[in-house]
Amino acid sequence: NAGVTQTPKFQVLKTGQSMTLQCAQDMNHNSMYWYRQDPGMGLRLIYYSASEGTTDKGEVPNGYNVSRLNKREFSLRLESAAPSQTSVYFCASRRTVNTGELFFGEGSRLTVL
Amino acid sequence: RKEVEQDPGPFNVPEGATVAFNCTYSNSASQSFFWYRQDCRKEPKLLMSVYSSGNEDGRFTAQLNRASQYISLLIRDSKLSDSATYLCVGGGGNTGKLIFGQGTTLQVKP
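Computed from a predicted model, the values in this text were never measured in an experiment.

## A look at the sheet that holds strand E1 (residues 4–7) of chain A
Residues and elements named next belong to chain A.
Here is step 1 of the chain: Across the sheet, four strands lie side by side as E1-E3-E8-E7; this open sheet has antiparallel pairing. Strands with a single pairing partner mark the edges of an open sheet, and in this sheet they are E1 and strand E7 (65–68). Looking at each pair of strands side by side, their axes are set apart by 15° on average, direction ignored.

Quick look at the structure:
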């Protein structure tokens, strides 16, 4: 029962480096989401994909790009990492954009020096 | 202003106490509401979905008030193991976004 799998779990980057966070779900869900969590801030929505082939901005999209590669996979890319992007990143999936609850991955802890 | 607002607390209560959390939401088209529990910044886990008619699961009761645009979570007979951060979520509907509140920290003490 993998559910939602995120890689990598930990990453340290230098300012200006790029990286991609990978997320895959095996529940045949249509909708997928990327959130970031900073201390005391709750989870903030970066981007989401209501269904395969669509992506939309969330609350804090600046500095990020996403790709919905297929129904299973939704990746988050940092083109030029900044210290302000140091955070814990959570991927989640949902049956559809209006049904079911969110299922989360274990999170990816990113530090940008 | 965030679409979903939540008092961050912390709430410090003794064992056995009843505690209530509220969240307000600004998007009247929101259709889906949930309460999640998060321990030590691990991934959030679903506590309850929130329905218009209200719903109860053991010591936990969730309610939705569409007229005033808020959701609530009531925890009765608090246990030490209830200590965690509780996150409300709202959205879906016309945008598909699911927005979290800031989270409320609960500390239950002996």
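Still to come is the rest of the account.
## A word on unusual backbone geometry
Here is step 1 of the chain: In this model, Thr7 of chain A is joined to Pro8 of chain A through a cis peptide bond whose omega is -10°.
Here is step 2 of the chain: Tracing the backbone shows Pro8 of chain A in the loop between E1 and strand E2 (10–13).
Here is step 3 of the chain: Each neighbour pair has its own omega, and for Gly9 of chain B with Pro10 of chain B the value is 10°, a cis peptide bond.
Here is step 4 of the chain: For Pro10 of chain B, the location among the structural elements is in the loop between strand E1 (4–6) and strand E2 (11–14).
Here is step 5 of the chain: Positive phi outside glycine occurs at Asn28 of chain A, with the angle close to 60°.
Here is step 6 of the chain: Within the element layout of this structure, Asn28 of chain A appears in the loop between strand E3 (19–25) and strand E4 (31–37).
Here is step 7 of the chain: Its identity is not glycine, yet Gln69 of chain B carries a phi of approximately 55°, on the positive side.
Here is step 8 of the chain: Relative to the assigned elements, Gln69 of chain B resides in the loop between strand E7 (60–65) and strand E8 (70–75).

## As for the sheet that holds strand E6 (residues 55–57) of chain B
Residue and element names in this part refer to chain B.
Here is step 1 of the chain: Across the sheet, five strands lie side by side as E1-E3-E8-E7-E6; this open sheet has antiparallel pairing. Looking at the sheet topology across the chains shown, the edges are occupied by E1 and E6. Put simply, the sheet's adjacent strands are angled 15° from each other on average, direction ignored.
Here is step 2 of the chain: Pairing of E1 with strand E3 (residues 19–25) involves three bridges; the strand directions are antiparallel. Directly across from Val4, in E3, lies its bridge partner Tyr25.

Definitions and limits used
Residues numbered from 1 in each chain as written. Chains lettered and ligands numbered in written order. Predicted model: local features only at pLDDT ≥ 70, side-chain atom pairs only at ≥ 80, totals over all residues. Heavy atoms only, no water. Pairing = 2+ DSSP bridges. Helix = DSSP H or I, 4+ residues; strand = E, 2+ residues; numbered from the N terminus. Axes fitted to C-alpha atoms, helices over the stretch in contact; angles between N-to-C directions.

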